[in-house]
Amino acid sequence: MSVTLDIILRKPDKVYHEGESVIGTIAIFTPSDLRHDGINLSMDGSVNLQLSSKNVGIIEAFYNAVKPIPLISAFCEVSSAGRIPAGHTNIPFELPLQPRPNRSLHETYHGVFINISYSLKCDVKRSFLSKGLQKTQQFFVQYAPKPTQPLHPVSFTMSPTSVTSKSGGVPDFYIRGHLDSTSCSVLRPFTGHIILERCEMAVRSIELQLVRVETCGCAEGYAKDGTEIQNIQIGDGDVPHKIAIPIYMIFPRLFTCPTLTTPNFKIEFEVNLVIIFENDYLVTENFPITLTREL
């Protein structure tokens with residue numbers, strides 16, 4: 001059997017808030033005595049920015065913006081050089097979750113051009129004749145939930161004169177709809193309804209598309225890109241007229257976060273309501289939304 005190294009966090013969900021302590025255990029198993037030159041534990045958190053291929057011509061202008069932005073950095077020496085006895089050894093640790101000076105912790109987020117991640121790394125140093133051991137464990141940072149704020153309901157209508165069409169020859173139609181709020185908590189579903197009042201052509205599909213809009217930049221300029229997170233079909237085939245079709249969408253964990261605006265990057269979200277008619281006629285209504293973390 002070989003030597004194994006693991007980082008076990010006390011919280012099973014690995015979710016922490018700023019100001020808490022990340023508590024866990026460094027677990028080492030060795031079949032025989034293990035000599036080492038020191039055991040270190042480090043905590044790191046950063047924002048990694050990346051420009052899309054369509055912006056490669058202006059990378060020079062964005063040079064300072066695309067470098068990783070450090071949010072948190074902590075280091076501790078768990079053990080000086082010594083010996084670990086054969087068998088299982090558990091070493092407890094506790095590191096405070098505090099940002100670097102003049103920085104704030106942002107929620108963990110996995111995007112296309114912006115990634116916010118946090119991790120612990122344990123290094124067991126050994127002599128140059130023996131390979132050292134290393135283990136990395138990711139954890140998640142979330143804002144503490146705030147009290148629920150008033151909703152921002154929106155009522156809307158869709159017709160050939162009011163929507164964006166990606167194909168010509170849009171049939172005559174009229175749709176009424178209602179969104180319960182455009183300010184949405186990531187802890188609750190996005191809800192509402194639509195009613196197809198009339199349509200001269202059969203509907204093939206009604207879809208709800210969640211889009212993230214990521215902006216990276218600096219004083220010299222900004223690169224803004226929108227990408228789809230998920231697409232949910234809420235109506236299949238020629239849906240009946242004058243019947244309320246419910247809108248219900250869960251915000252996916254990690255791929256969404258509270259709307260965030262900083263000097264170097266922004267993370268925003270939109271919802272597209274897409275109506276696809278027969279013969280592939282397609283119309284879209286766009287709704288910018290603000291995400292929060294509220295109870």
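Use the structure listed above.
These notes cover the structure that comes with them. What you see is a predicted model; the values in this text were computed from it and never measured. (Residues numbered from 1 in each chain as written. Predicted model: local features only at pLDDT ≥ 70, side-chain atom pairs only at ≥ 80, totals over all residues. Heavy atoms only, no water.)

## Things to note about the nonpolar core
The criterion, for reference: As used in this record, nonpolar core signifies buried Ala, Val, Leu, Ile, Met, Phe, Trp, Tyr and Cys residues forming a set joined through side-chain atoms within 4.5 Å. Here the term buried applies to any residue with accessible area under 20% of the maximum for its type, exposed to any over 50%, and partly exposed to those in between, with areas from a 1.4 Å probe on protein chains only. Each helix is a run of DSSP H or I of at least 4 residues and each strand a run of E of at least 2, with the numbering of both proceeding from the N terminus. Only heavy atoms enter the contact rule, under which two residues are in contact if any of them lie within 4.5 Å.
Among the nonpolar cores identified, the biggest contains 72 residues, and I116, L120, F139, F190 and L273 are the most heavily contacted of them. With seven residues, the top contributor of residues to this core is strand 21 (residues 265-277). Apart from the residues within four sequence positions on either side, L273 is in contact with F156, M158, I194, I206, E207, L208, I234, V283, T284, E285 and F287.

## Here's the deal with the side chain of S185
How we decide: Polar contact is defined as a pair of N or O atoms within 3.5 Å, subject to the rule that within protein one atom must be able to donate a hydrogen and the other to accept it, and that residues adjacent in sequence are counted only when both atoms are side-chain atoms.
Tracing the backbone shows S185 in strand 15 (residues 183-185). Only 2.8 Å separates the side chain of S185 from the backbone oxygen of E294, close enough to count as a polar contact. Residues contacting S185, with those up to four places away along its chain left out, are F251, T292, R293 and E294.

## Some remarks on the sheet that holds strand 8 (residues 87-96)
Note the cut-off: Here a strand pair is declared whenever DSSP counts at least two bridges between the two strands. Here an angle of 0 to 180 degrees is reported between the N-to-C directions of two axes, which are lines fitted to C-alpha atoms, with helices fitted over the stretch in contact.
Within the open sheet, the three strands sit side by side as 1-3-8. Their pairing is antiparallel. In this open sheet, the two edge strands, each paired with only one partner strand, are strand 1 (4-9) and strand 8. Taken pair by pair, the neighbouring strands of this sheet meet at an average axis angle of 20°, ignoring direction. Pairing of strand 1 with strand 3 (residues 21-30), which is carried by six bridges, proceeds in the antiparallel orientation.

## Structural notes on the pairing of strand 21
In terms of burial, strand 21 is a largely internal element, 10 of the 13 residues being buried. Where strand 20 (residues 260-261) lies against strand 21, two bridges are found, and the strand directions are antiparallel. What sits directly across from L260, in strand 21, is I267. Note: strand 21 against strand 22 (residues 282-292), eight bridges, orientation antiparallel. Counted as the bridge partner of E270 is P288 from strand 22.

## Description of unusual backbone geometry
Most peptide bonds take the trans form, and the phi angle of most residues other than glycine is negative. Of note, the phi angle at N102 is positive, near 65°, even though the residue is not glycine. Within the secondary structure, N102 is located in the loop between strand 8 and strand 9 (109-110). Despite not being glycine, N279 has its phi angle at roughly 65°, a positive value. Positionally, N279 belongs in the loop between strand 21 and strand 22. N279 gets classed as exposed once you look at its relative accessible area, which sits at 61%.

All quantities given are derived from atomic positions and should not be read as evidence of function.
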